[in-house]
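Observations on the model geometry
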Amino acid sequence: MDRKKITIVGAGNIGATLALLLARRETADITLIDINEGVAKGKALDIMEASPILGFNAHVVGTGNYEDTAGSDVVVITAGFPRKPGMSRDDLLFKNYEVVKSVSEQIKKYSPEAFVIVVTNPLDAMTYTALKVTGFPKERVIGMAGVLDSARFAYFISEKTGISVENIKAFVIGGHGDDMVPLPEYTTVSGIPVRKFLSEEELSEVIERTRFGGGEIVQLLKTGSAFYAPAASILEMVLAILWNKRKILSASVYLDGEIGKYYGATGLCVGVPIVLGKEGVEDIIKLELTDEEWKAWRRSVDSVRNLVEKLPL
Ligand SMILES: NC(=O)C1=CN([C@@H]2O[C@H](COP(=O)(O)OP(=O)(O)OC[C@H]3O[C@@H](n4cnc5c(N)ncnc54)[C@H](O)[C@@H]3O)[C@@H](O)[C@H]2O)C=CC1
Ligand SMILES: O=C([O-])CC(=O)C(=O)O
């Protein structure tokens, strides 16, 4: 059986970490492409040189030429600028728009059948950009943020309760910004509602920390943003598609029609619960939200809309 081909655009912190995680799973051959060809080639070779020790059979190649990415099954866009302390993700809008636009044009040309997972910030606006520029069906262009935000929410709950992370199922929807919407009603500890374990005050602390989880890492690193947990989150999404897991997870997808009206977000990409499988976005799930959650959701959607309206699309 032919192996699948995955292209990772951007061989920086997230791209290279993801390449190693994917290589270790032996699921696909990997092409790392970067505007800085030496970085892509150097990191790909470095990963391959780890393979005899770690014992994985996968080909990771680095390149600066899109011809080498041709016919990819999945393309992950991590190319672009990360923020530094004092910046919001939204401050990256115009610089990263140019990057994602040019990358999307190449994906359209060389891998017209690919699933595209967008990672570059500001995430929801960049997902919308990739969708519009590639012209791919909305089922095939998916932004990664909800998996990461939900993982942070789960980790902070585990830390607070002293219960294993393996028991925590947490859910965050909305745009990937400070007004994202963590959902305690849909968050459980071994199936038991989280409110049985945490007081309202403790829960508020955890929610606040989740909302600013990306910023907390930026403040600590000083030179860029998180990459281990983001790469792990992308891995989960890639495997859900390649192995047809039909996994329910939160991701930024295009909302239109009846589901767009339900979420009050027609014509936008924003984080909602989806079923992710071999067709990409196989379903979008409607959630019952409290009045307060709807209010928070609408605020988050408005933030995404404000950004998208600034783009020349
Ligand atoms: N969606 C999410 O949840 C998250 C998104 N991010 C975002 O992901 C992006 C990447 O983050 P890092 O990997 O930490 O940054 P990084 O700076 O380590 O790597 C970015 C790479 O992109 C390359 N690049 C720039 N323009 C390019 C182009 N036109 N074509 C190909 N490659 C190009 C750079 O040379 C660099 O190697 C940032 O925009 C960051 O804000 C970061 C964390 C989480
Ligand atoms: O905060 C950032 O700039 C990077 C990011 O999106 C995250 O870590 O959630």
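In this text, all values refer to a predicted model and were calculated from it rather than measured experimentally.

1. Focus: the UniProt feature "binding site: NAD(+)" (unreviewed entry) in the chain
- Feature annotation in UniProt places "binding site: NAD(+)" (unreviewed entry) on Gly10, Ala11, Gly12, Asn13, Ile14, Gly15, Asp34, Asn96, Val119, Thr120 and Asn121, given in this structure's numbering.
- Assignment of secondary structure puts Thr120 in the loop between strand 5 (115-118) and helix 4 (123-134).
- Setting aside residues up to four positions removed in sequence, Thr120 forms contacts with Ile77, Thr78, Ala79, Gly80, Asn96, Val99, Val100 and Met126.

2. A short note on the domain arrangement of the chain
- Domain parsing of the chain yields domain 1 (5-143) and domain 2 (146-310).
- Contact with domain 1, which involves 33 residues of that partner, is made by 34 residues of domain 2.
- Looking at the side of domain 1 that touches domain 2, the elements that each hand over two or more residues are helix 1 (13-25), strand 4 (74-77), strand 5, helix 4 and strand 6 (141-143).
- Partitioned by chemical class, the residues of the side of domain 1 that touches domain 2 number 20 nonpolar, five polar and eight charged.

3. Concerning the nonpolar core
- Grouped together as the largest cluster of nonpolar side chains are 96 residues, with contacts concentrated most on Ile77, Val116, Ile117 and Met237.
- Both of domain 1 (5-143) and domain 2 (146-310) provide at least three residues apiece to this core.

4. Re the environment of Gly86
- Relative to the helices and strands, Gly86 is located in the loop between strand 4 and helix 3 (93-110).
- Sequence-wise, Gly86 and Gly215 are 129 residues apart; in three dimensions their C-alpha atoms are separated by 9.0 Å.

Criteria and thresholds
Residues numbered from 1 in each chain as written. Chains lettered and ligands numbered in written order. Predicted model: local features only at pLDDT ≥ 70, side-chain atom pairs only at ≥ 80, totals over all residues. UniProt positions renumbered as here; feature names shortened; annotations may be inferred. Helix = DSSP H or I, 4+ residues; strand = E, 2+ residues; numbered from the N terminus. Contact = placed C-beta atoms within 7 Å. Domains from an automatic or database assignment. Nonpolar A, V, L, I, M, F, W, Y, C, P; charged D, E, K, R; others polar. Core = buried A, V, L, I, M, F, W, Y, C linked by C-beta atoms within 7 Å. Buried ≥ 20, exposed ≤ 12 C-beta atoms within 10 Å, placed from the backbone.

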